[in-house]
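Breakdown of the fold
Below are the chains, spelled out letter by letter.
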Amino acid sequence: MGFSQFYSDPAGTRSKNYSIAIDKALSRFFAYGISYVDRNLELEAVRNGTEIVDTLSTKERIADAYFQYIPNVQVSMSMGLGWDRRSTAEIVSESDSLYVDLYSVPFVVSLFADNGASFTVKQTYFKQRFSSLQSPDRQKQNTWITSVIAGYRFPGHFVSLEFGLDNLFDESDEFVNYDATTLAFYPGRLWFAAININI
């Protein structure tokens with residue numbers, strides 16, 4: 001039980017990380033998994049145009065769960081639940097405090113052919129609540145994001161290709177970015193390709 005995780009924190013970040021996860025196959029048709037991550041981060045930085053050193057403190061609480069149903073080798077269906085809570089504050093200035101809750105519910109259907117081809121449709125509901133010193137009232141935002149992925153696994157199962165389209169309907173609602181310090185619009189329609197190599 002447990003897992004390894006890499007983080008792309010800014011250089012100089014001090015962090016304490018705690019996590020736990022479990023994945024369980026109930027049968028050859030059903031599986032589920034749950035995980036929880038608890039992180040406390042601090043980063044010291046000089047405020048622009050001054051000699052004042054601010055300590056940026058961030059707390060992250062991330063929980064995920066999924067349930068998967070595989071009726072046969074050609075079809076896979078899953079549903080997930082995600083909760084991401086982040087709070088950020090500058091301890092010295094206390095000018096950029098931000099509190100964020102982001103909930104997500106992904107629904108995924110994948111189809112697989114005997115020749116190695118696959119096709120996946122993912123529909124995800126996002127709901128966000130956030131507040132800051134500048135806007136103390138809870139702000140809410142929600143949207144649906146649709147993604148499609150076509151893939152091919154070469155014989156031997158060592159290499160696979162994926163081509164996909166994220167945010168099919170070009171949603172552009174305003175959501176807090178990954179580090180909960182600034183607002184960022186959900187990226188527009190995005191094409192992508194990937195090569196996966198299994199060693």
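I will try to describe carefully the structure that is included in this document.

Scoring rules and cut-offs
- Residues numbered from 1 in each chain as written.
- Predicted model: local features only at pLDDT ≥ 70, side-chain atom pairs only at ≥ 80, totals over all residues.
- Heavy atoms only, no water.
- Helix = DSSP H or I, 4+ residues; strand = E, 2+ residues; numbered from the N terminus.
- Areas by Shrake-Rupley, 256 points an atom, 1.4 Å probe, with all protein chains shown as cover.
- Buried < 20%, exposed > 50% of the residue type's maximum accessible area, 1.4 Å probe, protein only.
- Salt bridge = Lys/Arg side-chain N within 4 Å of Asp/Glu carboxyl O.
- Phe/Tyr/Trp six-rings, centres within 6.5 Å; stacked < 30°, edge-to-face > 60°.
- Pairing = 2+ DSSP bridges.
- Contact = heavy atoms within 4.5 Å.
- Polar contact = N/O pair within 3.5 Å; in protein donor to acceptor, adjacent residues only side chain to side chain.

A closer look at the overall build of the chain
Counting its regular elements, the chain contains 0 helices and 11 strands. Traced from its N-terminal end to its C-terminal end, the chain shows the element sequence β-β-β-β-β-β-β-β-β-β-β. For the chain, the computed accessible surface area is about 12900 Å², with 59% contributed by carbon and sulfur atoms.

With respect to the environment of valine 100
Looking at the secondary structure, you find valine 100 in strand β5 (residues 98-112). In this structure valine 100 comes out as buried when scored by relative accessible area, which is 7%. Separated by 30 residues in sequence, valine 100 and phenylalanine 130 place their C-alpha atoms 4.3 Å apart.

Digging into the pattern of salt bridges
One pass over the full model with this rule turns up 4 salt bridges. Among the salt bridges present, the one from arginine 39 reaches glutamate 60, with a minimum N-O distance of 3.4 Å. Within this pair, whereas arginine 39 is found in strand β2 (residues 30-46), its partner glutamate 60 is found in strand β3 (residues 53-72), the two being separated by 21 residues in sequence. This pair shows no difference in class: arginine 39 is buried, exactly as glutamate 60 is. Taking the shortest distance from any N to any O, the salt bridge between aspartate 101 and arginine 85 comes out at 2.9 Å. Of the two residues, aspartate 101 sits in strand β5 while arginine 85 sits in strand β4 (residues 75-90), which places them 16 residues apart along the sequence. Taking relative accessible area as the criterion, aspartate 101 reaches 0% and is therefore assigned buried. Each of Arg85, Asp101 and Arg129 takes part in salt bridges that share partners, so that together they form one network.

Concerning the packing of aromatic side chains
Within this structure, the stated rule accounts for 4 aromatic pairs. With centroids separated by 5.1 Å and ring planes inclined at 50°, the aromatic side chains of tyrosine 125 and tryptophan 144 adopt a geometry described as tilted. Here tyrosine 125 is found in strand β6 (residues 117-132), whereas its partner tryptophan 144 is found in strand β7 (residues 139-153), with 19 residues between them in sequence. Taking the relative accessible area as the measure of exposure, tyrosine 125 reaches 23% and is therefore partly exposed. Residue tryptophan 144 is classed as partly exposed on the basis of its relative accessible area of 42%.

Some thoughts on the pairing of strand β11 (residues 190-197)
The buried count for β11 comes to 0 of 8 residues, which makes it a mostly uncovered element. As judged from the 8 bridges shared by strand β8 (residues 159-166) and β11, these two strands associate in the antiparallel manner. Looking across to β11, one finds that leucine 161 is bridged to isoleucine 195.

A short note on the environment of serine 147
Residue placement: serine 147 occurs in strand β7. The buried category is assigned to serine 147, whose relative accessible area is 11%. Linking serine 147 and phenylalanine 169, residues 22 residues apart in sequence, is a C-alpha distance of 8.9 Å. Non-local contacts of serine 147, meaning those with residues more than four positions away in its chain, are made with Thr120, Val121, Lys122, Leu165, Asp166 and Asn167.

Digging into the side chain of serine 110
Looking at the element boundaries, serine 110 is found in strand β5. Of the polar contacts made by the side chain of serine 110, one reaches the side chain of threonine 120; its length is 2.9 Å. The residues contacting serine 110, other than those within four sequence positions of it, are Gln74, Val75, Ser76, Phe119 and Thr120.

A closer look at the side chain of arginine 39
Owing to a relative accessible area of 2%, arginine 39 belongs among the buried residues under this scheme. Reaching out from arginine 39, the side chain makes a polar contact with the side chain of asparagine 17 at a distance of 2.7 Å.

So, unusual backbone geometry
The backbone of asparagine 167 sits at a positive phi, close to 60°, despite the residue not being glycine. Mapping asparagine 167 onto the fold places it in the loop between β8 and β9 (174-176). Take asparagine 167: its relative accessible area is 1%, and that puts it in the buried class.

Purely geometric stuff here, so don't read any function into it on its own.
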